[in-house]
Amino acid sequence: GKLVVLTCGGGNGAHCLAGLASVRPDIESRVLTMYADEAERWAANLDSGFIITVHNDDGSIKSIKTKPSLVTKDPKKAVPGVDYIFIVVPAFAHAMYFEAIAPYIDDNTVIVGLPGQAGFEFECVNLLGDKAKRCTMVTFESLPWACRLIEFGKNVEILGFKDTLGASLLKGKECNLTKPIIETTQYILGEKPKVRHVQNYIAITLMAKSIVHPPIMYGKWSQWDGKPLSEKPLFYQGLDERQAELLSGVSDECVATAKAIEKKVPGLDMSDVIHVFDWYLNYYSDQITDKSNLMMAMRTNKAYDGLVHPMKEIEPGKYVPDFTYRYMAEDVPEGIVPMKGIAELAGVSTPYLDEVITWCQGKLNKEFLVGNKLTGKDLKDTRAPQKYGYNKLEDLFTGSFEVTPR
Ligand code: NAI
């Protein structure tokens, strides 16, 4: 029979995935979107399908006409019989979808975080309970495309494909799947990006790009005098030495954590966890004009042209930073806090992470860190391993799940 693929979500990425999967004749593509009236609005237009406008690297444009078989907000209709579930929403909305699918999910389902963001597997296992042991979780390091909706339910635009994209598998010991997962995921996504199997989910977590925004926010705004600005400052192109040092320091701590884990846990390959500077040189090689150091690489990365700090306009022409934007609201609790949690389990000290988290949690009105320990009262609002009762490094790699060899 057909491979049944469910996309959870109704935003930019969800339209792309549901649309690309629908193009394959042997895939049945369904959509579950539970936010506001998205399902009604999208379903009302479904008969005429929708368009994916693809901007190719050579400047040409291709229109793909596509049509999922079902768009609904009802998990009872969407989930039974599904082989692959892709969760394509910002991390704060993951829990809602785990809870929605839990009662209806079959054994041997593959659950994909596209992207996963730090703590995806912890949250999935927590909310799916025993069922998770009969499933496999896949985490992608990012979204495969730079994309945006032109018109909801009618037209989504793909501005660019990544060349390659890392994905990890965490397999429930009672999950019996015969079809190879990385290959099947590749088939669903299409030719690009090339899916690269990263050996384990902790490596994916430690290389997540949620490390980028919080140090820059801290570096930029911690000494701000509170006076509104007359324009929105450039986020990447305005990077200064202090901000670059903070980001580099946080990245060093993630790499050190990976190395410590590799020493302590036999058979683990953490080689995918590389410094953010090396990552930029690998991923944006053609777009960066000055590769002399991290600060210059980010300032001269064409992919970042014109991107500004998240700002609120408090009166015409007067701007203040928006600390509720996802650079903080998502990238701290579902980003650098879980990384700090893993570093703590690995026994690695993290002065840079601690400094950044301490400032960010103040702006978010939360307490995650107390001194340099993750014992704050708001840890429950994060996806740190400690929240789920993982208190030793081995806890991350033992139990009902296995890291699958490449
Ligand atoms: P998006 O901004 O389009 O997501 C919005 C969707 O999330 C909504 O349409 C709705 O379905 C859901 N949602 C929003 N608020 C909700 C709520 N309160 N409760 C439940 N559901 C809610 O997200 P997008 O652009 O598809 O990105 C998905 C993830 O990929 C994000 O984590 C983003 O940071 C990341 N990403 C996006 C890129 C892009 O080009 N769009 C590029 C790289 C990463």
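Reading guide: rules and limits
- Residues numbered from 1 in each chain as written.
- Predicted model: local features only at pLDDT ≥ 70, side-chain atom pairs only at ≥ 80, totals over all residues.
- Heavy atoms only, no water.
- Helix = DSSP H or I, 4+ residues; strand = E, 2+ residues; numbered from the N terminus.
- Buried < 20%, exposed > 50% of the residue type's maximum accessible area, 1.4 Å probe, protein only.
- Polar contact = N/O pair within 3.5 Å; in protein donor to acceptor, adjacent residues only side chain to side chain.
- Phe/Tyr/Trp six-rings, centres within 6.5 Å; stacked < 30°, edge-to-face > 60°.
- Pairing = 2+ DSSP bridges.
- Right-handed = clockwise from strand over helix to strand, strands pointing away.
- Near = heavy atom within 4 Å.
- pLDDT = per-residue confidence, 0-100.
- Axes fitted to C-alpha atoms, helices over the stretch in contact; angles between N-to-C directions.
- Contact = heavy atoms within 4.5 Å.
- Left-handed = near helix turned anticlockwise from the far one by under 90°.
- Nonpolar A, V, L, I, M, F, W, Y, C, P; charged D, E, K, R; others polar.
- Expected span 1.5 Å × (residues − 1).
- Salt bridge = Lys/Arg side-chain N within 4 Å of Asp/Glu carboxyl O.
- Core = buried A, V, L, I, M, F, W, Y, C linked by side-chain atoms within 4.5 Å.

### Side note on the environment of His 275
Along the chain, His 275 falls in the loop between helix H9 (241-264) and helix H10 (276-283). For His 275, a relative accessible area of 15% translates into the label buried. A distance of 3.0 Å separates polar atoms of two side chains, one belonging to His 275 and the other to Ser 248.

### Describing the packing of aromatic side chains
Throughout the structure, instances matching the rule amount to 21 aromatic pairs. Note on Phe 235 and Tyr 236: the rings are 4.9 Å apart at their centroids and 70° apart in plane angle, and the pair reads as edge-to-face. On the basis of relative accessibility, which here comes to 0%, the residue Phe 235 falls in the buried class. With a relative accessible area of 4%, Tyr 236 lands in the buried category. Here a set of aromatic residues connected by ring pairs shows up, and it is made of Phe 235, Tyr 236, Trp 279, Tyr 280, Tyr 283, Tyr 284, Tyr 304, Tyr 325 and Tyr 327.

### Observations regarding the pairing of strand E12 (residues 194-198)
Remark: a regular strand shows side chains that alternate across the two faces of the sheet. Pairing of strand E11 (residues 164-172) with E12, which is carried by five bridges, proceeds in the parallel orientation. By the bridge assignment for E12, Gly 166 is matched with Arg 196. What joins E11 to E12 is helix H6 (residues 181-189), and the crossover it makes is right-handed.

### Here we look at the site of the ligand
Near the ligand there are 22 residues, and of these Gly 10, Asn 12, Gly 13, Glu 38 and Cys 147 occur at the shortest range. A distance of 3.3 Å separates an oxygen atom of the ligand from a polar side-chain atom of Gln 117. Elements with a minimum of two residues in the shell around the ligand: helix H1 (12-23) and strand E9 (145-151). Counting residues per element, the shell around the ligand draws most heavily on E9, at three residues.

### Examining the confidence of the model for the chain
On average, residues of the chain score 96 in pLDDT, and 99% of them are at 70 or above. Scored by ipTM, the complex comes to 0.99, with pTM at 0.95.

### A few points about the sheet that holds strand E10 (residues 155-161)
Pairing in this open sheet of four strands is mixed, and the strands run E4-E3-E10-E9 from one edge to the other. The two strands at the open ends of the sheet, each matched to only one other strand, are strand E4 (61-66) and E9. Strand-to-strand twist of the sheet, defined as the mean angle between neighbouring strand axes without regard to direction, takes the value 20°. Direction of pairing for strand E3 (residues 50-55) relative to E10: parallel, over a ladder of four bridges. Looking at E10, one finds that Val 54 is bridged to Ile 158. Its contacts with the sheet put H1 on E3, E4, E9 and E10, and the angle it makes with E9 is roughly 95°.

### Notes on the packing of helix H4 (residues 94-101) against helix H5 (residues 120-128)
At a minimum axis separation of 9 Å, H4 and H5 run at an interaxial angle of 35°. The interaxial crossing formed by H4 with H5 has right-handed handedness. Touching His 94, Ala 95, Phe 98, Glu 99 and Ile 101 of H4 are Phe 120, Glu 123, Cys 124, Leu 127 and Leu 128, all from H5. Tallied by class, residues from the contact of H4 with H5 come to seven nonpolar, one polar and two charged.

### Topic: H5
Burial of H5 is extensive: seven of the nine residues sit out of reach of the surface. Of all the residues in H5, the buried ones are Phe 120, Glu 121, Phe 122, Glu 123, Cys 124, Val 125 and Leu 128. Structurally, H5 contributes buried residues whose contacts are with H4, strand E7 (110-113), strand E8 (136-140), E11, helix H7 (201-206) and strand E15 (401-403). Of the residues flanking the end of H5, it is Gly 129, one or two places downstream, whose phi is positive at about 60°.

### Considerations on the environment of Asp 37
Counting through the fold element by element, Asp 37 comes out in the loop between strand E2 (27-32) and helix H2 (38-44). Residue class for Asp 37 comes out partly exposed when judged on its relative accessible area of 38%. Remark: the alpha-carbon pair of Asp 37 and Lys 2, spanning 35 residues in sequence, is separated by 29 Å.

### Details of helix H14 (residues 351-363)
Here H14 contains 13 residues, and its C-alpha end-to-end distance of 19 Å stays within 8% of the 18 Å for a straight helix at 1.5 Å per residue. For H14, every residue scored as buried is listed here: Leu 353, Asp 354, Val 356, Ile 357, Trp 359, Cys 360 and Gln 361. Those residues of H14 that are buried lie in contact with helix H8 (213-221), H9, helix H12 (326-329) and helix H13 (332-346). Looking one or two residues beyond H14, the residue adopting positive phi is Asn 365, at roughly 55°.

### Thoughts on the pattern of salt bridges
Across all of its chains, the model carries 23 salt bridges by this definition. The salt bridge involving Arg 134 is made with Asp 107; its shortest N-O contact spans 2.9 Å. With Arg 134 in the loop between H5 and E8 and Asp 107 in the loop between H4 and E7, the pair connects residues that are 27 residues apart, well separated along the chain. For Arg 134, a relative accessible area of 25% translates into the label partly exposed. One salt bridge in this structure joins Lys 133 and Asp 130, with 2.9 Å as the shortest N-O distance.

### Side note on the nonpolar core
Counting 97 residues, the largest nonpolar core has Ile 202, Ile 261 and Tyr 280 as the members making the most contacts within it. Contacts of Ile 261, omitting those with residues within four sequence positions, involve Ile 202, Leu 206, Leu 268, Met 270, Ile 342, Ala 346, Leu 393 and Phe 397. Listed in part, the 39 residues of the second largest apolar core include Cys 16, Ala 21, Leu 46 and Leu 143.

### Remarks on the pairing of E10
Taking burial as the measure, the seven residues of E10 include five buried ones, the bulk of the element. Relative to E10, E9 is paired through six bridges, and the arrangement is antiparallel. Of the residues in E10, the one forming a bridge with Arg 148 is Glu 157. Between E9 and E10, which follow one another and run antiparallel, lie three residues, and Gly 153 among them has a positive phi close to 75°.

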